[in-house]
Every structure is written in structure tokens, then in C-alpha cells.
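Breakdown of the fold
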Amino acid sequence: MVQKYQSPVRVYKYPFELVMAAYEKRFPTCPEIPVFLGSEILHESRSDDGAIHIIERSCKLNVDAPRLLKKIAGVEYVFFIQKNTVNWKERTLRIEAHNETFANRVVVLETCSYSVHPENEEWTCFEQSASLDIKSFFGFESTVEKIAMKQYTSNIKRGKEVIEHYLKELISQGITFIPRWTPPPVCGQKDEGAPAVGHDADDLPLESGTRGTTKEQTGSSCPPAEAVSPDADKLDADYIERYLGQLTPMQESCLIRLRQWLQETHKGKIPKDEHILRFLRARDFNIDKAREMLCQSLSWRKQYQVDYILQSWRPPALLDEYYTGGWHYQDKDGRPLYILRLGQMDTKGLVKALGEESLLRHVLSINEEGQKRCEENTNIFGRPITSWTCLVDLEGLNMRHLWRPGVKALLRIIEVVEDNYPETLGRLLIVRAPRVFPVLWTLVSPFINENTRQKFLIYSGNNYQGPGGLVDYVDKDVIPDFLGGDCMCTVPEGGLVPKSLYQTEEEPENSDHIRLWTETIYHSASVLKGAPHEIVVEILEGESVITWDFDILKGDVVFSLFHSKRAPETSHKEATLPSTSAAGDNMQLIDKTWVLGVDYSRMESPLVCREGESIQGSHVTRWPGFYILQWKMHGPLPCSGTSLPRVDDVLASLQVSSHKCKLIYYYEVLASKDFRPWLDTLKLGLSCLAGWSSRVSSGIAFAELCCIWNALEFSFLLRGSECSPTEASAVSHSPNNCKKQGMIPVTRKKDI
């Protein structure tokens with residue numbers, strides 16, 4: 001594999017002629033560069049007018065390699081051929097070098113250039129590129145490649161230091177100005193300001209340099225440096241250090257090469273340098289992997305018009321009130337600080353009221369705003385700031401937040417952010433972590449990049465207070481009031497989203513923009529009088545798990561689960577209504593000719609679900625076939641002539657007069673081959689977390705972890721239950737519930 005290097009543009013704030021005088025001091029030997037043992041001129045020539053001077057040298061280098069390797073190679077030193085072409089008229093120097101030793105086994109090519117700064121003719125630019133191709137080397141190809149790259153990169157910045165050393169030496173000798181080259185006089189005329197024809201301008205500093213000149217002529221009095229690229233398509237080393245941070249020579253090279261590739265091949269908008277650098281860091285500066293990741297992200301941004309999200313996205317009023325997150329000053333390192341009161345957020349309510357699309361778009365707008373704030377803080381604090389800090393308060397986190405569809409939506413959002421906003425999180429401070437947090441962390445952490453996970457700091461209880469806590473990362477006057485600080489925080493306090501705001505397909509999300517997600521977790525349905533809504537799930541193997549979660553938005557319905565060996569036919573059937581246009585989201589599958597107990601059988605007893613209830617449940621299948629989930633309108637049971645109707649029946653009959661019930665539902669099937677290993681893995685993870693949680697969660701006992709495990713195994717992983725650990729444990733250990741037909745009991749929650 002060919003290794004390549006491309007330097008940024010390095011700027012010397014001195015005229016070209018003075019830099020050339022300093023450069024020539026490196027020859028024939030240079031004590032400042034220990035590996036450079038000496039040089040010998042092989043060939044030298046000049047043009048007739050003296051404007052072009054070419055020197056070819058043989059350079060002797062002492063490579064720092066293991067003694068054994070040198071013995072095997074049979075050489076003690078390495079020789080390079082260097083050709084320098086200086087053009088005094090154009091004020092350029094081009095250096096071309098290649099290896100003479102082992103030229104048939106190893107190919108080293110290097111090109112360097114000195115030229116005048118395009119925006120300031122009193123400054124000089126330097127660029128350098130090189131390639132290394134090891135074809136064969138006695139079986140030590142990998143070792144030689146590592147040695148060569150290490151030695152080469154270690155001497156790159158040293159080269160600039162050497163030039164600056166000799167520049168200072170010249171200035172200390174009073175040589176601060178060297179006149180530029182001028183054409184030789186015509187017809188015997190004498191020009192005193194120009195070097196004589198036949199004399200090399202390299203000798204001018206020692207022979208005719210002007211001493212004691214005014215400050216306007218010295219390099220030190222040049223206009224102050226601007227941290228900008230000398231060319232719109234090139235990066236300046238000072239610019240990189242000022243706006244992107246300290247990078248190694250090879251990291252600089254990767255950034256420049258990837259940037260150049262984008263300029264040559266990408267037709268759209270070129271990302272900012274700090275954005276390109278994030279993708280390189282996310283892939284440990286593997287340029288091929290970073291290129292692939294970045295190209296996929298650029299395609300995604302173009303497809304969904306993410307570049308315009310800050311201009312086009314306006315959060316709904318519901319988000320402003322119930323989304324418990326917001327920007328809050330900055331941390332001690334100058335990073336923008338984002339506060340998220342996750343424990344106070346009704347994630348289930350937000351998903352059901354707004355949908356995943358709006359939540360994802362809101363999260364993307366937060367990330368875009370974060371990048372914008374990083375740029376602003378870079379300018380304010382005068383140092384590169386490319387990431388932000390997130391402070392997450394988990395006070396109030398409970399089993400409700402482990403609601404399966406909500407966690408699923410969270411993981412999808414994390415995946416999108418990880419793929420398109422890598423290395424934007426500088427630090428994540430998690431405070432007041434409750435006992436249930438280790439379980440949530442076990443579920444979420446596998447989806448988070450390892451580099452990101454290393455930035456997490458977790459505090460339980462009040463451990464975030466005092467030394468070693470928040471004060472180490474956030475100034476006291478910035479710590480929010482709800483964490484014991486003096487700073488008033490404007491982040492919303494959240495609360496439960498009213499169920500009246502839950503969304504149905506009849507009330508779609510804002511469609512003014514391209515959808516980021518074409519599918520959604522929840523579906524809506526209407527249940528009509530005489531026309532139940534039914535969905536079919538095909539099970540190919542026994543012991544799979546069907547899970548469901550639905551909310552009754554209007555009316556009362558009866559929920560049932562059936563099994564059939566026959567595949568039902570999908571049909572939209574008319575209801576017993578004056579108008580059937582409202583049955584568009586109603587689906588019937590069980591044919592009227594089917595006989596219960598013959599063509600299909602009941603798997604669970606009918607469950608009456610009242611308006612406003614949330615129902616979660618699961619069923620462990622015993623046979624393959626077709627399982628039908630059915631919701632039908634609930635009507636009053638017939639009563640005898642001697643008995644009065646019950647209050648519930650009267651209310652139900654009033655509800656029937658509306659002729660329509662509404663619900664939103666979610667279901668999922670977990671195959672046995674995926675389901676059981678998942679449970680075993682999580683159970684093992686919880687066991688391993690016992691020791692960790694004793695430190696993080698203030699001494700949580702292993703028995704309590706097992707209690708949480710029992711709650712999750714039956715209530716979360718199987719059916720997404722919202723009950724507390726104690727409730728779930730009691731349910732899961734009930735013999736009547738667990739053993740009857742392999743069913744997990746339904747959980748209902750009102751006004752959660």
C-alpha cells in the first residue's frame with residue numbers, strides 16, 4: 001500500500017529572498033537536523049540571465065532503524081538525490097527528491113515548494129508532499145514502513161523550526177533585507193540594485209545584504225498574521241492551529257487530502273473544515289473509512305435538506321412546553337452547554353402526540369444549532385471549540401421511560417446522530433442517576449460509539465455536588481438552580497402530555513418538508529359498529545413473542561387475539577353506518593363464514609378497554625400460523641327483564657351512538673432465535689453491572705437488580721409495560737398469569 005503525505009501551507013512572515021538565504025544555510029551540513037549527515041553537489045547550472053538556478057545534490061541520511069535491520073539490509077546510511085530549482089524572477093523554489101538506496105525495493109518521492117504568499121508579497125509559503133511505496137524488503141515491509149513514516153513525520157515540523165532558526169541568525173547579523181532579482185542591464189548599462197549576472201543570489205546575504213535597514217523592511221514588522229488560508233483551496237498551518245486545534249502532521253495530511261478529494265469530486269456544497277475533521281476523528285483518521293462515512297452523510301443531508309433545517313424548522317408549541325431541553329451558557333472549556341432534564345420528560349406522550357418524525361427533526365436542529373454555537377465560541381474565546389457538553393438530569397427517571405416503543409425511537413435517533421454528527425459531543429455529564437439507570441444504560445450503550453462512551457461521566461444521588469462533581473466542569477455561576485446552583489435555567493420543566501393531544505393518522509404531522517422517516521411506530525385505526533379492526537401476524541415458528549401497545553382515544557372497545565391455520569383475506573368492509581367513508585383506516589380479516597373453534601380459535605379472553613386507557617400485553621405463541629389481533633366496538637350486554645342495566649352498560653350505550661371508536665396501536669414480533677439470546681445477554685449484562693452499579697447508584701443491591709430484571713423481562717422486553725419494578729415482579733411471578741396458554745398478562749394504566 002502506498003503511503004501519502006500532504007502538508008498544509010506553512011507561512012513564513014519574511015520575504016522570499018530572505019527565506020532562501022536561510023534555506024541555503026542548511027547545506028552542505030546542518031547540525032540542527034541530526035539525521036542529515038551531509039550533502040555533495042552533483043550538478044549545477046544557471047540560466048543566461050541568472051533568473052533560474054538549478055542544483056542537484058546527493059544527501060546522506062542516518063536512518064534511526066534497529067541494528068539488526070541495518071545488518072540484514074547491508075547498509076549503514078541512506079542516500080537521496082535532491083534537485084532544487086529556484087526561479088528568482090517568479091520567486092519560487094521547487095525541490096524534488098527521491099531515494100537512491102534500495103531504489104528497486106522502495107520508492108520514496110518528495111516534492112516541496114516555496115512561493116510568495118498570494119495576499120502578502122512580503123511573506124513566503126511552503127508546501128510539501130510525499131509518497132512511500134515499499135515493494136519488497138526482505139520480509140520486513142511493514143516494519144520498514146512504520147520506521148519510515150515515524151521518522152519522516154517527526155522531521156516535518158522540525159524543518160520549519162530550522163528555517164526560522166537560520167532566519168533569526170541572519171537578523172542577528174543585521175541582514176534583514178535582500179533586494180529582489182532584476183533583469184541584467186541592457187547595452188552595458190549598470191543597475192546597482194540588481195545582482196550582477198553570473199553571481200548567485202544565494203550569496204547576497206553574505207556579500208551585499210543591507211544592514212541596519214528601517215523596520216518597514218524587516219520581516220518582524222510585516223502586517224499582523226491573519227489565520228486564513230493563503231489560497232481559497234488550501235489550508236494554512238496557522239489557520240489549522242487557530243480554528244481546528246493541534247494536529248499531528250499525518251492528521252493534517254489526512255484532512256488536506258480528504259478536503260482536496262471533495263473539491264475535485266463533490267458537486268454540492270463542500271463541508272466546513274471542522275465538519276470534515278469530525279469524520280476523520282470518528283474513523284481514527286483512516287481516510288478511506290472517513291470518506292465513505294462522510295459521503296453517506298452528505299448524501300443524507302442533501303436528500304433531506306438538512307442544511308436548511310435551522311431556517312425551515314419551527315418546533316411545535318407542544319415541544320416548547322414539554323421537551324425538557326435547552327442551551328445554557330457554556331462549560332469551563334468554552335463548549336456550549338446543553339441541558340436535558342430527561343427524567344422530567346414524557347417521552348411516551350411526545351412520541352404519541354408528535355410522532356418520531358418531529359422528534360428527530362427537533363434533535364437534528366439541536367445538533368445544527370450546536371455546531372453553529374461552537375463556531376461562535378471559537379471566535380469568542382480565541383481557541384478551537386468543535387464540540388459541546390451535555391448535562392443530563394435523570395431525577396424522575398423510572399420504568400415509564402423504559403417503554404419499549406420509546407426506547408426503540410430513541411435508538412433510531414441515536415443511530416442517525418452517530419452517523420451524521422460524529423465527534424460533536426465533547427462531554428456528557430449524567431447526574432442524579434436512579435437505580436433503574438443501569439438497565440437503561442445496558443440497552444442503549446451498544447448503539448453508542450466507543451469514543452463517545454468514553455466521554456460519559458455518571459453521578460448518582462448528590463455525588464455531583466462538591467469537588468469532583470459539576471464544579472470541575474461547569475462554573476458555579478452557571479450551575480442551574482434545580483441542581484443547587486444560583487443560575488436560573490429556562491429549560492422547560494416538562495410534565496405529562498395530555499392524551500387529548502395524541503396524534504392519529506387523521507391528524508398527520510406537518511408535511512411541508514421531506515420526511516426523514518417513511519415509517520412510524522404507531523398506526524391509527526377506527527373501530528366501527530359492526531366493523532372491527534383486525535391485523536394479522538404470520539408466525540413461522542412456535543415460541544415467538546407477539547407484543548402490543550395501544551391507546552383508546554375515543555369510545556370503548558373489546559380486544560381479542562385469535563389463531564388460525566388459514567390465511568385470512570384482507571378486505572375493507574362497509575360498516576352499518578349511513579356513510580362508509582370514515583372506514584378508510586378500518587381493516588377486517590375474519591370472514592363471516594368462519595366458525596369459531598373450527599376455522600379459528602381464541603388465544604386470549606376478550607378484554608374490555610375503556611376510553612383513555614393504555615393497554616400493553618404480549619403473547620408467547622405455541623404454534624405456527626396466523627394470529628389475528630382484533631379490536632371491536634364494545635356494546636352493552638343483554639340483561640334480563642327483572643334486572644336493571646348497570647351504569648357501565650348505560651355509558652357504553654351512549655358511547656355507541658357515536659358509531660365510531662378511535663385507537664392508536666403498535667405491535668412487534670420477536671422470533672425465538674432472537675428473543676431468548678437477547679434475554680440471556682441482558683441478564684448477563686445486569687449481573688456484570690451489579691458491581692458497577694454499587695459504585696454508580698449508591699450501593700444498589702444485587703437483589704434489587706434482579707427485581708428490575710424480572711420487571712423488564714416480562715414487562716418491558718416482552719410487552720413494554722410501564723409498571724414499577726415491584727408491580728412487574730409480582731405480575732411475572734403469578735402462576736395463573738404465567739402458565740395459562742403461555743400468555744403474559746395485559747397491563748392497563750390510566751392517566752399516566
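Quick note: structure is the one above.
Residues numbered from 1 in each chain as written. Predicted model: local features only at pLDDT ≥ 70, side-chain atom pairs only at ≥ 80, totals over all residues. Heavy atoms only, no water.

The residue D393 is located in strand β13 (residues 388–393) in this model. Judged by its relative accessible area of 1%, D393 is buried. A distance of 3.2 Å separates a polar side-chain atom of D393 from the backbone nitrogen of E395. Aside from chain neighbours lying at most four places away, what touches D393 is L340, R341, L342, G343, V431, R432, F482 and L483. (Helix = DSSP H or I, 4+ residues; strand = E, 2+ residues; numbered from the N terminus. Buried < 20%, exposed > 50% of the residue type's maximum accessible area, 1.4 Å probe, protein only. Polar contact = N/O pair within 3.5 Å; in protein donor to acceptor, adjacent residues only side chain to side chain. Contact = heavy atoms within 4.5 Å.)

Relative orientation and spacing of two packed helices are given, respectively, by the angle between their axes and the distance between those axes. Two elements in contact, helix α3 (residues 141–172) and helix α6 (residues 249–265), have axes whose closest approach is 9 Å; the angle formed by their N-to-C orientations is 90 degrees. The pairing of α3 with α6 is recorded here as roughly perpendicular in orientation. For the pair α3 and α6, the contacting residues are M149, T153, I156 and K157 in the first and P249, M250 and E252 in the second. (Axes fitted to C-alpha atoms, helices over the stretch in contact; angles between N-to-C directions. Parallel < 35°, antiparallel > 145°, perpendicular 65-115°, else oblique.)

Take helix α13 (residues 437–444) next. For α13, a buried count of eight out of eight residues is recorded, marking the element as mostly surrounded by other parts of the structure. For α13, the full list of buried residues reads F437, P438, V439, L440, W441, T442, L443 and V444.

Throughout the structure, instances matching the rule amount to 30 salt bridges. Linking D556 and R610 is a salt bridge whose minimum nitrogen-to-oxygen distance equals 3.0 Å. Placement of the pair is D556 in the loop between β18 (545–554) and β19 (557–564) and R610 in the loop between β20 (601–609) and β21 (613–620), with a sequence separation of 54 residues. Taking the relative accessible area as the measure of exposure, R610 reaches 25% and is therefore partly exposed. Across the pair D599 and R566 runs a salt bridge, and its minimum N-O distance is 2.8 Å. Here D599 is found in the loop between β19 and β20, whereas its partner R566 is found in the loop between β19 and β20, with 33 residues between them in sequence. (Salt bridge = Lys/Arg side-chain N within 4 Å of Asp/Glu carboxyl O.)

Our focus in this paragraph is the nonpolar core. Residues Y323 and L350 are the most contacted members of the largest nonpolar core, which totals 56 residues. Residue contributions to this core peak at 10 residues, all from helix α11 (residues 347–381). Ignoring anything within four residues of it in the chain, the contact list for L350 reads L319, Y322, Y323, M345, G355, L359 and V497. Among the nonpolar cores identified, the runner-up in size contains 31 residues, and Y12, V86, I95 and Y114 belong to it. (Core = buried A, V, L, I, M, F, W, Y, C linked by side-chain atoms within 4.5 Å.)

Glancing now at the pairing of strand β7 (residues 106–117). Pairing analysis gives six bridges linking strand β6 (residues 92–99) to β7, with the strands arranged antiparallel. Each bridged residue has a counterpart across the sheet, and for I95 the counterpart in β7 is C112. Where β6 folds back onto β7 in an antiparallel hairpin, the turn is made up of six residues, including F102, whose phi is positive at roughly 55 degrees. Sheet topology places β7 next to strand β8 (residues 120–134); 12 bridges connect them, and they run antiparallel. Residue pairing in the sheet places L109 in a bridge with S131 of β8. Hairpin geometry of β7 and β8 is characterised by an intervening segment of two residues between the two adjacent antiparallel strands. (Pairing = 2+ DSSP bridges.)

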